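Structural overview
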Amino acid sequence: MKSTLSPLRYDSSEAAEDAIYEALARGDLEALMALWSDEEDSVCIHPSGPRLLGLDAIRQSWALILSQGNLVVDRSKIQIIAAGTLAVHNLIETIHVMEAGRARAFQMACTNVYMHGSRGWRMVLHHAAAVQQDTNQGIDDRPNARVLH
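This is a predicted model, so every value here is computed, not measured. (Residues numbered from 1 in each chain as written. Predicted model: local features only at pLDDT ≥ 70, side-chain atom pairs only at ≥ 80, totals over all residues. Heavy atoms only, no water.)

**Topic: the overall build of the protein chain**
Helix and strand content of the protein chain: three helices and six strands. Tracing the protein chain from N to C terminus, the helices and strands come up as α-α-β-β-α-β-β-β-β. Of all 149 residues assigned to the protein chain, the portion counted as buried reaches 36%. Of the contacts made within the protein chain by residues no fewer than 6 positions apart, 49% connect residues no fewer than 24 positions apart. When the accessible surface of the protein chain is totalled, it reaches about 9,100 Å², and 54% of it is carbon and sulfur. (Helix = DSSP H or I, 4+ residues; strand = E, 2+ residues; numbered from the N terminus. Buried < 20%, exposed > 50% of the residue type's maximum accessible area, 1.4 Å probe, protein only. Contact = heavy atoms within 4.5 Å. Areas by Shrake-Rupley, 256 points an atom, 1.4 Å probe, with all protein chains shown as cover.)

The structure is reproduced here in structure tokens:
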């Protein structure tokens, strides 16, 4: 799908992240890639996938994913750590898909890292891993629970 938006300057990592998930929901590869940093050492790790280094590899992976249709993702349990020109977002993604005519949802633990530069906030890292449904029982239910390791 061709992008209907020109690359914008986002003044917060939160606004850049919102735009990324909106691009995924539209299946808009160009808008999605416009939100990645120009840095060639940007990294993307999809669940159970290899470490993709550089914009060409990242673009190819997202093109393959979006060739199967748009990606509807709900975000929850967002935690943001920001300092200066770097922001780390940790969240739970609930990805909604249709399989054999049935709606299914998968949860991913996700870390998105954004860097502020001349074009505003841009993603430099996306790392997602499948959530084990019983791993966090009791931990996630407590308000403001934090685990340091």
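**Quick notes on the nonpolar core**
Grouped together as the largest cluster of nonpolar side chains are 30 residues, with contacts concentrated most on Ile20, Leu24, Leu32, Trp36 and Trp62. The set of elements that each furnish at least two residues to this core consists of α1 (13-26), α2 (29-34), α3 (55-66), β4 (86-99), β5 (102-117) and β6 (120-130). The dominant element in this core, judged by the number of residues it contributes, is α1, at six residues. When sequence neighbours within four positions are dropped, the list of residues in contact with Leu24 reads Leu32, Trp62, Leu66, Asn70 and Leu71. (Core = buried A, V, L, I, M, F, W, Y, C linked by side-chain atoms within 4.5 Å.)

**Some thoughts on the side chain of Glu93**
Position of Glu93 relative to the elements: it lies in strand β4. One buried charge, Glu93, has no salt-bridge partner; the nearest side chain with opposite charge is Arg75, at 7.4 Å. Here the side chain of Glu93 touches Tyr21 through a polar contact of 2.4 Å, side chain to side chain. Among all residues touching Glu93, those that are not within four sequence positions of it are Tyr21, Val73, Asp74, Phe106, Gln107, Met108, Cys110, His126 and Ala128. (Lys, Arg positive; Asp, Glu negative; His and termini not counted. Salt bridge = Lys/Arg side-chain N within 4 Å of Asp/Glu carboxyl O. Polar contact = N/O pair within 3.5 Å; in protein donor to acceptor, adjacent residues only side chain to side chain.)

**Here's the deal with the layout of surface pockets**
Counted as a void, the second largest pocket has a volume near 440 Å³. In terms of lining residues, the second largest pocket is bounded by 26 residues, among which Trp62, Ile65, Leu71, Ile95 and Val97 are the most central. Every element with two or more residues in the lining of the second largest pocket is listed here: α1, α3, β3 (72-83), β4, β5 and β6. Residue contributions to the lining of the second largest pocket peak at five residues, all from β4. Residue classes in the lining of the second largest pocket are distributed as 18 nonpolar, seven polar and one charged. (1 Å grid on protein atoms, 1.4 Å probe; cavity = no way out; pocket = protein on both sides within 12 Å on 5 of 7 lines; lining within 4 Å. Points joined across faces, edges and corners; volume = space filled by probe spheres on them. Nonpolar A, V, L, I, M, F, W, Y, C, P; charged D, E, K, R; others polar.)

**Structural notes on unusual backbone geometry**
Phi at Ser48 is positive, roughly 60°, even though this residue is not glycine. Turning to its location among the elements, Ser48 is positioned in the loop between β1 (43-45) and β2 (51-53). Unlike most non-glycine residues, Lys77 shows phi in positive territory, near 50°.

**Some details on the environment of Leu91**
Of note, Leu91 is situated in strand β4. Expressed as a C-alpha distance, the spacing of Leu91 and Gln79, which sit twelve residues apart in the sequence, is 6.3 Å. Residue contacts for Leu91: discarding those within four places in its chain leaves Glu17, Tyr21, Arg75, Ser76, Lys77, Ile78, Met108, Ala109, Cys110 and Asn112.

**Re a negative patch on the surface**
A contiguous patch of negative charge on the surface is contributed by Glu39, Glu40, Asp41 and Asp56. Considering the arrangement of structural elements, one finds Asp56 in helix α3. You can call Asp56 exposed: its relative accessible area is 58%. (Patch = residues over 30% accessible without salt bridge, like charges linked within 9 Å, V, L, I, M, F, W, Y side chains within 5 Å. Charge placed at Lys NZ, Arg CZ, Asp CG, Glu CD.)

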